[in-house]
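Notes for the structure review
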Amino acid sequence: MIKKFIITGMLCLVATSINAQRKSLSLNLQSKEDTTVSPIVKEKVEEYAAKINTIIQEEKKLMESELLVLQAKNLDKIEFDKQKAQVADSYSEKIDQRIEALGFDLDTVIQKQVRYSLLNSDVASNEELKQKLMKKFRATKDFSGYFSYGIMTLTNDKPDNDLDKNLGYANNLEFGLKFNYQFSRTSPWGFISGLGFSWRTVRADNNMVFAKQNGEVSLSKFEGSLDKSKLRTGYLMVPLGFQYNFSKLKNAGMDIQYRPYSDGFRVGANVYGGIKMSTNNIVKGDDQNIRDRSNYQVNPFVYGAQFTVSYDNISLFVKKDFSNFFKDSYFENDKALVFGVALGW
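What counts and what doesn't
Residues numbered from 1 in each chain as written. Predicted model: local features only at pLDDT ≥ 70, side-chain atom pairs only at ≥ 80, totals over all residues. Heavy atoms only, no water. Salt bridge = Lys/Arg side-chain N within 4 Å of Asp/Glu carboxyl O. Helix = DSSP H or I, 4+ residues; strand = E, 2+ residues; numbered from the N terminus. Pairing = 2+ DSSP bridges. Phe/Tyr/Trp six-rings, centres within 6.5 Å; stacked < 30°, edge-to-face > 60°. Patch = residues over 30% accessible without salt bridge, like charges linked within 9 Å, V, L, I, M, F, W, Y side chains within 5 Å. Areas by Shrake-Rupley, 256 points an atom, 1.4 Å probe, with all protein chains shown as cover. Core = buried A, V, L, I, M, F, W, Y, C linked by side-chain atoms within 4.5 Å. Buried < 20%, exposed > 50% of the residue type's maximum accessible area, 1.4 Å probe, protein only. Lys, Arg positive; Asp, Glu negative; His and termini not counted. Charge placed at Lys NZ, Arg CZ, Asp CG, Glu CD. Polar contact = N/O pair within 3.5 Å; in protein donor to acceptor, adjacent residues only side chain to side chain. Contact = heavy atoms within 4.5 Å.

1. Considering the pattern of salt bridges
Applying the stated criterion across every chain yields a total of seven salt bridges. We note a salt bridge from Glu 58 to Arg 98, for which the minimum N-O separation is 2.8 Å. Residue Glu 58 is found in helix 3 (residues 39-72), and its partner Arg 98 is found in helix 4 (residues 77-101); the two are separated by 40 residues along the sequence. When the shortest N-O distance is used, the salt bridge between Asp 81 and Lys 77 registers 2.9 Å.

Spelled out as structure tokens, the structure:
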């Protein structure tokens, strides 16, 4: 039991570290969309800058001519500096007046750049902008990849059997695609489904191995030094359930509100069902290396329920099978209970 807690803690630390690295990268490496200037904004700013430069150069030449005339008067330094300052102020005022006369609308240019930063395209009207925003911030309907790892144990409501007494470390590794369907742009509720591949591994302890004779499966003592004994079963899994997101509504502008579906704190509940793909009995010890993919009476179908608590990309979950791990009367009534951590769920 202590070993299980230690491994669970290590998994949580690794997952947290991965998520932190992922966020730091997203902060440091800005996307092209975040740094690109609208072509219209760039054209208007360059045109405005060229006109300003022309005004400055024209007034600068006139000012230099006037200063040459002033210099020819051979005034003392104090008087020369005084009149030079007056000339500079006069031309500075003329430059300001000519620039103002250009009629450059800075507010309009800023608005265009804000729109471009949001949508990565120039829009000519408020109606077009609203359509773009509604498309960009529409309800989430997509597939996303996920990966999960959990510590597994077997539970039952009957007296311990041979497997219960000799059960070693067991785990559930799973990855696949999760389907997200948010009911509306502002809804905290969403439907979840998907398709995953699950590998469940049960290890025997106390030098025991899974054995089979005349189709009957049991645990038997391994004669000699045993390095490895595990029974691994692969399932194709399909979840069906719902998710609730506690994130607050956000404003996209133009009176359009939305709620992030995959960010912030979320809870989810789902049922799942699976069909067996393969079973592999792996035994290694005393120069023996056995891999037997024949039938070990593992249940060909599984079904159960899962409860998940998530924050951004990290999830903690517990899942419980309602079906027996083995079929018929083999290790009767043992059902899988899994505690784990997931990325992307």
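Structure's up, so let's keep going.
2. What to know about the pairing of strand 6 (residues 228-245)
Strand direction decides the pairing type here: strand 3 (residues 189-204) and strand 6, joined by 12 bridges, are antiparallel. Considered in strand 6, the bridge of Trp 199 is made with Gly 234. Summarising the sheet, strand 6 and strand 9 (residues 265-285) pair through 18 bridges and their orientation is antiparallel. Within strand 9, the position partnered with Leu 231 by the bridge is Asn 281.

3. A closer look at the packing of aromatic side chains
Scanning all chains against the criterion turns up 17 aromatic pairs. For the pair Phe 179 and Tyr 181, a centre-to-centre distance of 6.3 Å together with 40° between the ring planes defines the contact as tilted. When the ring of Phe 191 is compared with that of Phe 242, the centres are 6.1 Å apart and the planes differ by 70°; the resulting orientation is edge-to-face. Of the two residues, Phe 191 sits in strand 3 while Phe 242 sits in strand 6, which places them 51 residues apart along the sequence. Of the aromatic side chains, those joined through ring pairs into one cluster are Phe 143, Phe 179, Tyr 181, Phe 183, Phe 191 and Phe 242.

4. Focus: a nonpolar patch on the surface
On the surface, Phe 246, Phe 265, Phe 307, Val 309 and Tyr 311 cluster together to form a nonpolar patch covering roughly 490 Å² of accessible area. Within the secondary structure, Phe 307 sits in strand 11 (residues 301-311).

5. Considerations on the pairing of strand 3
Within a regular strand, the side chains alternate between the two sheet faces. Sheet topology note: the strand 2 (residues 167-182)/strand 3 ladder contains 14 bridges and is antiparallel. When the sheet's bridge partners are listed, Leu 173 is paired in strand 3 with Trp 199. Where strand 2 folds back onto strand 3 in an antiparallel hairpin, the turn is made up of six residues.

6. Thoughts on the nonpolar core
With 30 residues, the main nonpolar core has Leu 163, Phe 210, Phe 325, Phe 326 and Phe 331 as its most contacted residues. Breaking this core down by element, the ones donating at least two residues are strand 1 (141-155), strand 2, strand 3, strand 4 (208-213), strand 5 (216-221), strand 6 and strand 13 (335-343). Formed by six residues, the second largest nonpolar core is a distinct cluster that contains Leu 133, Phe 137, Ile 256 and Tyr 258.

7. Things to note about unusual backbone geometry
Although it is not a glycine, Asn 207 adopts a positive phi angle of roughly 65°. In this fold, Asn 207 is placed in the loop between strand 3 and strand 4. Not every positive phi belongs to a glycine, and Asn 333 is a case in point at roughly 70°. Inspection of the secondary structure assignment puts Asn 333 in the loop between strand 12 (314-321) and strand 13.

8. Points about a negative patch on the surface
Together, Asp 89, Glu 93, Asp 96 and Glu 100 give the surface a local cluster of negative charge. Position of Glu 100 relative to the elements: it lies in helix 4.

9. Looking at the side chain of Asn 161
Take Asn 161: it is sitting in the loop between strand 1 and helix 7 (162-165). Polar side-chain contacts of Asn 161 include one of 2.9 Å to the backbone nitrogen of Leu 163. Look past the residues within four positions of Asn 161 in its chain and what remains in contact with it is Asn 156, Phe 331, Glu 332 and Asp 334.

This is a description of form; function is not addressed.
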